[in-house]
Amino acid sequence: MTNLTAFLSQNAIKIEVEEHVVSKRFVDPQTKEPMKWQVGAVSSDRDEALRKQHTKRLPVPGKKNVFQPTTDYDGYLASLAVECTVFPDLNSIELQNSYGVMGAEALLKKMLLPGEYAEYLKIVQNANGFDVGMDEAVEEAKN
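Summarised in this report is the structure supplied together with it. (Residues numbered from 1 in each chain as written. Predicted model: local features only at pLDDT ≥ 70, side-chain atom pairs only at ≥ 80, totals over all residues. Heavy atoms only, no water.)

### Section: the pairing of strand E2 (residues 36-39)
- Of the two faces of E2, the one lined by Trp-37 and Val-39 is fully buried and the one lined by Lys-36 and Gln-38 carries no buried residue.
- Across 4 bridges, the pairing between strand E1 (residues 18-21) and E2 is antiparallel. Bridge pairing in E2 places Val-21 opposite Lys-36. (Buried < 20%, exposed > 50% of the residue type's maximum accessible area, 1.4 Å probe, protein only. Helix = DSSP H or I, 4+ residues; strand = E, 2+ residues; numbered from the N terminus. Pairing = 2+ DSSP bridges.)

Right under this line is the structure:
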């Protein structure tokens, strides 16, 4: 018989907020060191809500009243990145005004260069447990 107490909420290892240097262009004025961004994970419920927010039902060509769900993954990942960013506060009006944008997603895309943004999306996905490839998952399941 297995011990189910390991699965109780109070016994689960809590997910820590991670710190990453996302861009070397943002430096602390006092230490001259690159600023670290803080990234946290979202719950599965919140992730599902974000996916649904970016999923539309599109009609299937040639089939009347038949629809297929299509997810805008770029939009989903942008929303996930904003949701997971603990610091800096992307909802800060002062920060948005300094870049001349409205909205956290627009700010994130304006702050980061394309390569930095792509790397940040990887960090966010890793923080949420999307870092395990299918081959690794199969091998882990076998053991």
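### Quick notes on the side chain of Ser-23
- Mapped onto the secondary structure, Ser-23 falls in the loop between E1 and E2.
- Classification of Ser-23 as buried rests on a relative accessible area of 2%.
- Separated by 3.1 Å, the side chain of Ser-23 and the backbone nitrogen of Arg-25 make a polar contact.
- A polar atom in the side chain of Ser-23 sits 2.7 Å from the side chain of Glu-116.
- Once residues lying within four places of it in the same chain are set aside, the contact partners of Ser-23 are Pro-34, Leu-112 and Glu-116. (Polar contact = N/O pair within 3.5 Å; in protein donor to acceptor, adjacent residues only side chain to side chain. Contact = heavy atoms within 4.5 Å.)

### Quick notes on the sheet that holds strand E5 (residues 85-87)
- If you trace the 3 strands from one edge of the open sheet to the other, you get E1-E2-E5, paired in antiparallel fashion. Taken across any chain shown, the strands that pair with only one partner, and hence form the sheet edges, are E1 and E5. Strand after strand, the sheet turns through a mean of 40° between neighbouring axes, direction not considered.
- The strands touched by helix H2 (residues 73-84) within the sheet are E2 and E5, with E5 carrying the most contacts at an inclination of about 35°. (Axes fitted to C-alpha atoms, helices over the stretch in contact; angles between N-to-C directions.)

### A word on the environment of Glu-18
- Note that Glu-18 resides in strand E1.
- Between the alpha carbons of Glu-18 and Leu-121 there is a distance of 14 Å; along the sequence they are 103 residues apart.
- Contacts of Glu-18, omitting those with residues within four sequence positions, involve Trp-37, Gln-38, Val-39 and Ala-127.

### Quick look at helix H4 (residues 104-111)
- Every buried residue belonging to H4 is among Ala-104, Leu-107, Leu-108 and Met-111, and all of these are buried. Seen end-on, H4 carries its buried residues on one side only, within an arc spanning 100°.
- Tucked into the core, H4 has its buried residues touching E2, H2, helix H3 (93-99) and helix H5 (114-127). (Arc of directions from axis to C-beta.)

### Quick notes on the nonpolar core
- Ranked by internal contacts, the top residues of the largest apolar core, which has 26 residues, are Trp-37, Leu-80, Leu-108, Leu-112 and Tyr-120.
- Contributing elements (two or more residues each) for this core: E2, H2, H4 and H5. (Core = buried A, V, L, I, M, F, W, Y, C linked by side-chain atoms within 4.5 Å.)

### What about the packing of helix H1 (residues 44-53) against H2?
- The contact between H1 and H2 brings their axes to 9 Å, and the two run at 145°. Crossing angle aside, the handedness with which H1 passes H2 is right-handed. Across from Arg-46, Asp-47, Leu-50, Arg-51 and Gln-53 in H1, the residues of H2 making contact are Tyr-73, Tyr-76, Ser-79, Leu-80 and Glu-83.
- Considered class by class, the residues forming the contact of H1 with H2 number 4 nonpolar, 2 polar and 4 charged. (Left-handed = near helix turned anticlockwise from the far one by under 90°. Nonpolar A, V, L, I, M, F, W, Y, C, P; charged D, E, K, R; others polar.)

### Brief notes about a nonpolar patch on the surface
- On the surface, Val-17, Val-86 and Phe-87 cluster together into a nonpolar patch covering about 240 Å² of accessible area.
- By the secondary structure assignment, Val-17 is in the segment before E1. (Patch = residues over 30% accessible without salt bridge, like charges linked within 9 Å, V, L, I, M, F, W, Y side chains within 5 Å. Areas by Shrake-Rupley, 256 points an atom, 1.4 Å probe, with all protein chains shown as cover. Salt bridge = Lys/Arg side-chain N within 4 Å of Asp/Glu carboxyl O.)

### What to know about the environment of Gly-115
- Looking at where Gly-115 falls in the secondary structure, it is placed in helix H5.
- Gly-115 gets classed as exposed once you look at its relative accessible area, which sits at 52%.
- Separated by 92 residues in sequence, Gly-115 and Ser-23 have C-alpha atoms that sit 9.8 Å apart.

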